[in-house]
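Listed below, chain by chain, are the residues.
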Amino acid sequence: MKASALEFRLRFIIGIVIYLLGFIAPWNSLLHLDSIRTWQYLAAWPARSGWLGFSAATIAVLVLGILCAVAGAFLRTWGSAYVDPSIVQAGAMHGEGFVAAGPYRYLRNPLYLGTFFHTFALALLMPPSGAIFCILAIILFHLRLILGEEFFLTAKLGAPYLEYCAKVPRLFPSFTARIPAFPMRPTWPTAFLSEIYMWGVAISFATLGWRYNSMLIIKGVLISLGLSLIVRAFLKPAPRRA
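So, here's what we can say about the structure. Just so it is clear, the structure is predicted and the values come from calculations on it, not from any experiment. Sequence order sets the numbering: in each chain, residues are counted from 1 along the sequence as written. For this predicted model, a pLDDT threshold of at least 70 governs which residues receive local features, and a threshold of 80 or more governs which side-chain atom pairs are given and counted, while totals over whole chains, interfaces and linings are taken from all residues. The side-chain values count all of the structure's non-hydrogen atoms but skip hydrogen atoms and water molecules.

## Points about the environment of phenylalanine 175
Reasoning step 1: Helix and strand assignments follow DSSP, with helices taken as H or I runs no shorter than four residues and strands as E runs no shorter than two, numbered in order from the N terminus. Within the element layout of this structure, phenylalanine 175 appears in the loop between helix H9 (159–167) and helix H10 (188–194).
Reasoning step 2: Think of it in three bands: with a 1.4 Å probe and only protein chains considered, a residue is buried below 20% of the maximum accessible area for its type, exposed above 50%, and partly exposed in between. We classify phenylalanine 175 as exposed; its relative accessible area is 86%.
Reasoning step 3: Sequence separation between phenylalanine 175 and tyrosine 106 is 69 residues, and the spatial gap between their C-alpha atoms is 7.2 Å.

## Topic: the pattern of salt bridges
Reasoning step 1: Within this document, salt bridges are pairs made up of a side-chain nitrogen of Lys or Arg and a carboxyl oxygen of Asp or Glu, the two lying within 4 Å of each other. Counted under the stated rule, the structure contains 5 salt bridges.
Reasoning step 2: The shortest N-O distance in the salt bridge between glutamate 163 and lysine 167 comes to 3.3 Å. You can see glutamate 163 and its partner lysine 167 sitting in helix H9, 4 residues apart, about one turn around the helix.
Reasoning step 3: Classification of glutamate 163 by relative accessible area gives partly exposed; the value is 46%.
Reasoning step 4: Overall, the relative accessible area of 36% leaves lysine 167 in the partly exposed class.
Reasoning step 5: A single salt-bridge network, built from bridges that share partners, covers Arg108, Glu150 and Arg170.

## Description of the environment of alanine 166
Reasoning step 1: Summarising the element assignment, alanine 166 is placed in helix H9.
Reasoning step 2: Among the residues examined, alanine 166 registers a relative accessible area of 67% and is labelled exposed.
Reasoning step 3: Put simply, alanine 166 and arginine 178 are 12 residues apart on the chain and 9.8 Å apart in space, counted from C-alpha to C-alpha.

## Looking at unusual backbone geometry
Reasoning step 1: A positive phi is found at alanine 25, a non-glycine position, where the angle reads about 45°.
Reasoning step 2: Here alanine 25 is to be found in the loop between helix H2 (11–24) and helix H3 (27–31).
Reasoning step 3: Look at alanine 25 and you get buried, because its relative accessible area is 2%.
Reasoning step 4: Residue tyrosine 212 is not a glycine yet carries a positive backbone phi of 55°.

If you want it as structure tokens, here you go:
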């Protein structure tokens with residue numbers, strides 16, 4: 001079930017391919033499926049049932065998308081503030097230690113949870129079949145990555161890491177910190193820059209979404225992706241101060 005070292009090395013490319021397939025949904029033409037966006041589909045469902053008017057339902061789904069996008073950006077930024085960008089972007093797993101500060105006192109994988117929320121937001125812009133495929137594929141793939149990292153860290157760090165895992169939940173955050181605060185100061189500017197794509201997507205939903213045009217938000221997503229690639233090329237590891 002755990003991901004291989006090759007999958008971990010290519011995780012960003014694999015993720016991009018999954019998202020791309022979700023947006024394109026090439027099987028739609030073969031199966032003669034509707035290409036309506038999931039946002040419209042979800043808004044039409046309560047409207048047809050008489051629970052909400054279509055306009056109110058459309059706004060409700062947009063607000064849900066904004067909340068998911070912001071939650072994803074926040075979680076990933078909070079997690080990245082305590083992890084060096086070089087480790088987040090590394091092609092190989094690092095087993096020198098594990099982080100036990102910030103969000104890592106409440107759950108072990110804030111970056112992956114943030115990605116899940118981000119995926120839920122993007123899925124609203126996809127055809128329904130593409131959204132279902134993307135959500136399931138991303139969750140399955142990232143669970144494999146999580147299990148691969150846990151196996152690697154257990155082999156490298158042994159009992160201290162197993163004790164940490166026993167106290168801190170994997171993906172569902174605890175309402176209270178499960179371990180004492182570790183003396184580590186977050187690097188917020190570097191974290192924000194490293195997650196500028198996530199914030200770009202959140203801003204695209206929050207500003208362009210009110211035009212009720214999915215293509216405008218998709219353009220904002222693509223611009224955010226391009227900007228993040230430029231920023232990451234120049235992003236240097238930030239010094240850590242205890």
